[in-house]
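# Observations on the model geometry
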Amino acid sequence: MKTTALTISAWGNSHGIRLSRELMQSLGITPGTPLQATVVAKGCLELRAVPQRPSLQDKLAAFDPQIHGGEVMPDAPQGVEFGAGTEGVK
């Protein structure tokens, strides 16, 4: 486990800490990464990167027609579905 000393500084009406580049690299985070802070015990704070939901672009890039393709219900129409041969229905 990597350990470093940090100092709380005033930041506008709030307070903040600065993370060094080395610490961020060790955590596997970059600027803009959302973090979840949990108070584990008095004087002990745990920071975790919040898992990002995949974007539509990520989902489309991961789509494989061999795995995800195909019709969910490959049956033919069973009745008078909307827009399917309604010419004789009254």
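Please read these numbers as outputs of a predicted model, since none were measured by experiment. (Residues numbered from 1 in each chain as written. Predicted model: local features only at pLDDT ≥ 70, side-chain atom pairs only at ≥ 80, totals over all residues. Heavy atoms only, no water.)

## Some details on the overall build of the protein
Of the regular secondary structure elements, the protein holds 3 helices and 4 strands. Starting at the N terminus, the α and β elements of the protein follow one another as β-β-α-β-β-α-α. With 90 residues in all, the protein has 4% of them scored as buried. Put simply, 2% of the contacts in the protein that link residues at least 6 apart link residues at least 24 apart. About 8,700 Å² of surface is accessible on the protein, with carbon and sulfur atoms providing 56% of the total. (Helix = DSSP H or I, 4+ residues; strand = E, 2+ residues; numbered from the N terminus. Buried < 20%, exposed > 50% of the residue type's maximum accessible area, 1.4 Å probe, protein only. Contact = heavy atoms within 4.5 Å. Areas by Shrake-Rupley, 256 points an atom, 1.4 Å probe, with all protein chains shown as cover.)

## Re the pairing of strand E3 (residues 35-41)
Strand direction decides the pairing type here: E3 and strand E4 (residues 44-49), joined by 6 bridges, are antiparallel. Among the inter-strand pairings, Gln 36 is bridged to a residue of E4, identified as Arg 48. Two successive antiparallel strands, E3 and E4, enclose a turn made up of 2 residues, where Gly 43 displays a positive phi of approximately 85°. (Pairing = 2+ DSSP bridges.)

## Here's the deal with the pattern of salt bridges
Within the structure shown, the criterion is met by 2 salt bridges. As a salt-bridge pair, Glu 22 and Arg 21 come within 3.8 Å of each other at their nearest N and O atoms. Taking the relative accessible area as the measure of exposure, Glu 22 reaches 42% and is therefore partly exposed. The exposure class of Arg 21 is exposed, given its relative accessible area of 59%. Close ionic contact of Glu 46 with Arg 48 constitutes a salt bridge, the shortest N to O distance being 3.0 Å. When its relative accessible area of 29% is taken as the criterion, Glu 46 is described as partly exposed. (Salt bridge = Lys/Arg side-chain N within 4 Å of Asp/Glu carboxyl O.)

## What to know about the layout of surface pockets
Taken as a whole, the largest pocket spans an internal volume of roughly 400 Å³. Taken together, Lys 2, Thr 3, Thr 4, Leu 6, Ile 8, Ile 17, Leu 19, Leu 23, Ser 26, Leu 27, Leu 45 and Leu 47 make up the full set of residues lining the largest pocket. Secondary-structure elements contributing two or more residues to the lining of the largest pocket are helix H1 (21-27) and E4. Looking at the lining of the largest pocket element by element, the count peaks at 3 residues for H1. Along the lines of polarity and charge, the residues of the lining of the largest pocket split into 8 nonpolar, 3 polar and 1 charged. Its boundaries defined by the atoms lining it, the second largest pocket holds a volume of some 290 Å³. In this structure, the second largest pocket is lined by Thr 7, Ile 8, Ser 9, Ala 10, Trp 11, His 15, Gly 16, Ile 17, Arg 18, Leu 19, Leu 35 and Leu 47. Secondary-structure elements contributing two or more residues to the lining of the second largest pocket are strand E1 (9-11) and strand E2 (14-16). (1 Å grid on protein atoms, 1.4 Å probe; cavity = no way out; pocket = protein on both sides within 12 Å on 5 of 7 lines; lining within 4 Å. Points joined across faces, edges and corners; volume = space filled by probe spheres on them. Nonpolar A, V, L, I, M, F, W, Y, C, P; charged D, E, K, R; others polar.)

The values are spatial; any link to function lies outside them.
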